[in-house]
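Chain residues, written in single-letter form:
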Amino acid sequence: MKTKEELFTVFFTILFLTCAFLASGQRQSISFVLPSNDLQNRQQHQYQVETDHLNFNIYGDFASRMRISGKYTSGLPGGKVEWSDVYMQRSDQPEGPFSSKESLDYVNGFSYTYEQNILAPEFFAGFPNNSVEAKNLVWDMAGMEFFAWGHNDTLQLNVPYHANQANGKVELAGHGFFDNRDIILTWKGMTTNTDETLAMIDFRTMNNKLEVQVDMGDRHFQTKGRSHYWGTIWLSVDQQCIDRIELFEDVVLEIGWNDQAEKELVDVIREMRVTKIY
């Protein structure tokens, strides 16, 4: 008859071998491949996009927050993408429900292809001049599509890749510029989610210079500063599409108005979440 100590030894040995076997099988079931996609010819998918703007003074004291959100549909005929159900919400409280919600009707139904010049002023002909946040929604998703699909034949596992062709000043449809200094993409590995295999791509770029000017009736708003942004894109290997995205940005700005002598230093934190609906 086995002693209690021997029974425990046998039990934990079997448990260890079972866990090792399952882990080994799981590793073997994941193929380390990056999916690819043709932006002009792909399956249709829809995403919920939310971007929170959290405004602070330079000492980290909360000032206000704003959320812009909408549905982004890709893979439409002719390679088009389209926005719908776009809203802007505002609050002067750091937490809780937003105090106001506005439908951005000029964005709803807005469709285009990535063969168009999305940085030209005429591209946003139907947008109000001061709708920088709505235009930024379009530019954010364009950047994420580029990071997701623009370097699949170049990225190597856990090797940082400097996307030099994407660096430099980007004109912001007549509002100023954003200067990407050093975009780094890294294929971090593979994971699974509800039996779906996902590839993970990290992106980051620091100390990017920006300047923005906006005419608001008889007042002129101008700001300049620097941006750090980083995040992760999860790509579905099985469906050859974006599964989800997280982006974080920290922007320190000097802002001023033409009718005010003093300028103000502010810190804006942006958090963007993209989740696949179908």
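This structure is a prediction, so every number in the text was calculated from the model and none was measured.

Focus: the side chain of serine 91
- Assignment of secondary structure puts serine 91 in strand E3 (residues 80-91).
- The class for serine 91 is buried, based on a relative accessible area of 7%.
- In this structure the side chain of serine 91 is engaged in a polar contact, spanning 3.0 Å, whose partner is the backbone nitrogen of glutamine 93.
- Those residues in contact with serine 91 that sit more than four places away from it in its chain are Ser64, Arg65, Pro97, Phe98 and Ser99.

A look at the confidence of the model for the chain
- Looking at the chain, the pLDDT average stands at 91 and 90% of residues meet or exceed 70.
- Across residues 24-28, where pLDDT falls below 50, the model places zero contacts with residues more than four positions away in sequence or in other chains.

Re the pattern of salt bridges
- Within the structure shown, the criterion is met by eleven salt bridges.
- We note a salt bridge from arginine 42 to glutamate 145, for which the minimum N-O separation is 3.0 Å. In this pair, arginine 42 sits in the loop between helix H1 (4-29) and strand E1 (45-57) while glutamate 145 sits in helix H2 (residues 132-149), placing the two residues 103 residues apart along the sequence.
- Here arginine 42 falls in the buried class, since its relative accessible area comes to 14%.
- Residue classification places glutamate 145 among the buried positions, given a relative accessible area of 3%.
- For arginine 273, the salt bridge is made with aspartate 52, and the minimal N-O distance between the two is 3.1 Å. Within this pair, whereas arginine 273 is found in strand E13 (residues 264-276), its partner aspartate 52 is found in strand E1, the two being separated by 221 residues in sequence.
- Put simply, Glu50, Asp52, Arg67 and Arg273 are held in one network by salt bridges that share partners.

What counts, and at which threshold
- Residues numbered from 1 in each chain as written.
- Predicted model: local features only at pLDDT ≥ 70, side-chain atom pairs only at ≥ 80, totals over all residues.
- Heavy atoms only, no water.
- Helix = DSSP H or I, 4+ residues; strand = E, 2+ residues; numbered from the N terminus.
- Buried < 20%, exposed > 50% of the residue type's maximum accessible area, 1.4 Å probe, protein only.
- Polar contact = N/O pair within 3.5 Å; in protein donor to acceptor, adjacent residues only side chain to side chain.
- Contact = heavy atoms within 4.5 Å.
- pLDDT = per-residue confidence, 0-100.
- Salt bridge = Lys/Arg side-chain N within 4 Å of Asp/Glu carboxyl O.

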